[in-house]
Amino acid sequence: MWQPPWARQIPSGNELALFVGLMSGTSLDGIDAVLVDFEGAATRLLASAHVPFPAALRDELLALNTAGPDELHRSALAAQALAEAQVAAVHETLAHARAEAAGVRAIGSHGQTVRHRPEAGYTVQINHGALLAERCGIDVVCDFRARDVAAGGQGAPLVPAFHAERFGVAGQARAVLNLGGIANLTLLGADGSVRGFDTGPANALLDHWCARHHGRPFDDAGRWAASGTIVQPLLAAMLADPYFDLAPPKSTGRDLFNAPWLDRHLAAHPTADPADVQATLAELSVRTVAAALGREAPGVQRLLVCGGGALNAHLMNRLSRLLPGVPVESTAVHGIDPTLVEAAAFAWLARAFVERQPGNRTEVTGAAGPRILGALYPK
């Protein structure tokens, strides 16, 4: 796992503003952990780890996205299993950095979203902050989204505040695109304004279709999608979903864009070649992103891409084609591995909680006002 050459010189002590960020997103591929040093104005990623989900845990977390029997008991057991995987990720990250738990101020743990219904007043992330704090001996901040929803907001996306601090440049209109299970955009205006919203599905449907037909967790570099031909009537039908025409603030997840949603659309195309369906799903992702940019940020000058989709050459190429004149770049070009940006954002949100600073942007989520996000489980 990645480790910078200077990581061995990291002292363990409270004089450093060290935070661990943990993220497991809607792609359900596992836990990304990162150790971040926020000393001064810098944001230095010191070490990271990725812990894949055991197949049984992944299957259960996916199953908990829909109604089923004995959900409370199953959710509690899944939270325990998730916490044990998070503990392994934290320990591995600290080992890479040769850092001690005593030198870490707090862990910011997103948890695993299994329901996201802000229109109904709730969002649910499976987490076990108490067990994580007990096993790691570090303060844990979690349950970040609930306070924003309580204030009338969408509870998502929460990463734009971090994007603004880390990637914003005065005088240049930029957008940051996270291609995770769901795609979300942060719009960083040349005037310093910050907006953001979920555009629609990204890896969640692509990974599902790849697993169904090839037994693989994802379409490596988008090669399978690139081999197919877009099914235009299918694409048109999917693009007609009302979500895409909603004005921000808006957020979504597997509650809407899931296997049954896809199957309903495929019912009208029973003979469609699987590779062509994959090509169509990829096109759905990039078309909805490009349309959102054209509608909400027509003057954008640069697009920075993070999340697992940044490693998908087909998606990146299609975005470049759909956005002529706009450089489309991985956040790696700007100093952060694209697979670690979200984990780093939750380390940042943990720091905001510790410093009693708001973590949301009301112009993004629509909340009634700035709010300190998270709940604390002391070590």
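Everything below is about the structure printed above this text.
Calculation rules
- Residues numbered from 1 in each chain as written.
- Predicted model: local features only at pLDDT ≥ 70, side-chain atom pairs only at ≥ 80, totals over all residues.
- Heavy atoms only, no water.
- Helix = DSSP H or I, 4+ residues; strand = E, 2+ residues; numbered from the N terminus.
- Rg over C-alpha atoms; globule rule 2.2 N^0.38 Å.
- Buried < 20%, exposed > 50% of the residue type's maximum accessible area, 1.4 Å probe, protein only.
- Contact = heavy atoms within 4.5 Å.
- Areas by Shrake-Rupley, 256 points an atom, 1.4 Å probe, with all protein chains shown as cover.
- Lys, Arg positive; Asp, Glu negative; His and termini not counted.
- Charge placed at Lys NZ, Arg CZ, Asp CG, Glu CD.
- Phe/Tyr/Trp six-rings, centres within 6.5 Å; stacked < 30°, edge-to-face > 60°.
- Lys NZ or Arg CZ within 6 Å of the ring centre and 35° of its normal.
- Axes fitted to C-alpha atoms, helices over the stretch in contact; angles between N-to-C directions.
- Parallel < 35°, antiparallel > 145°, perpendicular 65-115°, else oblique.
- Left-handed = near helix turned anticlockwise from the far one by under 90°.
- Nonpolar A, V, L, I, M, F, W, Y, C, P; charged D, E, K, R; others polar.
- Pairing = 2+ DSSP bridges.
- Expected span 1.5 Å × (residues − 1).
- Polar contact = N/O pair within 3.5 Å; in protein donor to acceptor, adjacent residues only side chain to side chain.
- Core = buried A, V, L, I, M, F, W, Y, C linked by side-chain atoms within 4.5 Å.

Summarise the overall build of the protein; cite the residues concerned and give the values.
What the protein contains, in helices and strands, is 13 helices and 13 strands. Against the 2.2 N^0.38 benchmark of 21 Å for 379 residues, the protein shows a C-alpha radius of gyration of 20 Å, consistent with a compact globule. Considered along the principal axes of its C-alpha atoms, the protein spans approximately 60 × 55 × 45 Å. Looking at the protein residue by residue over its 379 residues, the buried ones come to 58%. A sequence separation of at least 24 residues applies to 68% of the contacts in the protein between residues at least 6 apart. Carbon and sulfur atoms make up 54% of the accessible area of the protein, which totals about 15000 Å². Taking the 30 positively charged and 36 negatively charged side chains of the protein as two groups, their mean positions are separated by 3 Å.

Can you tell me about the packing of aromatic side chains, naming the residues and giving the values?
Applying the stated rule across the entire model yields seven aromatic pairs. Among the aromatic residues, those joined into a ring-pair cluster are Tyr 243, Phe 244, Phe 257 and Trp 261. Residue placement shows Lys 250 over the ring face of Tyr 243; its charged tip is 4.5 Å from the ring centre. Directly above the aromatic system of Phe 353 lies the positively charged group of Arg 356, at a separation of 5.0 Å from the ring centroid.

Break down the packing of helix H1 (residues 55–63) against helix H2 (residues 71–97) for me, citing the residues and quoting the values.
Direction vectors running N to C along H1 and H2 enclose 135 degrees, while the axes themselves pass 10 Å from each other. With respect to each other, H1 and H2 are oriented oblique. Note on packing geometry: the crossing formed by H1 with H2 is left-handed. Taken together, the residues of H2 that come into contact with H1 (itself represented by Leu 57, Glu 60, Leu 61 and Ala 63) are Arg 74, Ala 78, Ala 81 and Leu 82. For the contact of H1 with H2, the class distribution of residues is six nonpolar, no polar and two charged.

Describe in detail the pairing of strand E3 (residues 44–52), supporting the description with residues and values.
One face of the sheet, then the other: side chains in a regular strand alternate in exactly this way. Two elements, strand E2 (residues 30–37) and E3, share eight bridges in a ladder whose sense is antiparallel. Across the sheet, Val 34 pairs through a bridge with Ser 48, a residue of E3. Where E2 folds back on E3, the antiparallel hairpin that results is connected by six residues, among which Gly 40 adopts a positive phi of roughly 65 degrees.

I'd like a description of unusual backbone geometry, backed by residues and values.
Residues apart from glycine generally show negative phi values, whereas peptide bonds are mostly found in trans. The residue after Ala 156, namely Pro 157, is reached through a cis peptide bond having omega -10 degrees. Along the chain, the position of Pro 157 falls in the loop between helix H4 (145–150) and helix H5 (160–167). Its identity as a non-glycine residue notwithstanding, Leu 28 has a phi of 60 degrees, on the positive side. With respect to the helices and strands, Leu 28 occurs in the loop between strand E1 (18–23) and E2. Unlike most non-glycine residues, Ala 221 shows phi in positive territory, near 60 degrees. When its relative accessible area of 19% is taken as the criterion, Ala 221 is described as buried.

So, the sheet that holds strand E4 (residues 104–109): which residues are in play, and what are the values?
Ordered by their spatial adjacency, six strands build an open sheet running E3-E2-E1-E4-E7-E13, and the pairing between neighbours is mixed. Every other strand in the sheet has two partners, leaving E3 and strand E13 (375–377) as the edge strands with one partner each. Between one strand axis and the next, the sheet turns by 20 degrees as a mean value, whatever way the strands run. In this structure, E1 lies alongside E4, joined through five bridges in parallel fashion. Within E4, the position partnered with Val 20 by the bridge is Ile 107.

Pulling in residues and values, what's your account of the side chain of Asp 139?
With respect to the helices, strands and loops of the structure, Asp 139 is situated in the loop between helix H3 (129–136) and strand E7 (140–142). A relative accessible area of 13% places Asp 139 in the buried class. For Asp 139, the residues in contact, after removing those within four places along its chain, are Arg 105, Ala 106, Ile 107, Leu 376, Tyr 377, Pro 378 and Lys 379.

Provide a residue-level description of helix H10 (residues 274–296), including the pertinent values.
Spanning 23 residues, H10 covers 33 Å between terminal C-alpha atoms, matching the ideal 33 Å at 1.5 Å per step. By the criterion of burial, H10 is predominantly enclosed, with 18 of the 23 residues buried. Measuring from the side-chain oxygen of the N-cap residue of H10 to the backbone nitrogen of Ala 275 gives 2.9 Å; that N-cap residue is Asp 273.

Can you break down the nonpolar core residue by residue, with the values?
By size, the foremost hydrophobic cluster in this structure holds 45 residues, and its most contacted members are Leu 177, Leu 185, Leu 293 and Leu 303. Broken down by element, the residue count for this core peaks at 10 residues, all from H10. Ignoring sequence-local partners within four residues, the contact set of Leu 185 consists of Ala 175, Val 176, Leu 177, Arg 195, Gly 196, Phe 197, Thr 199, Val 289, Ala 292, Leu 293 and Leu 303.

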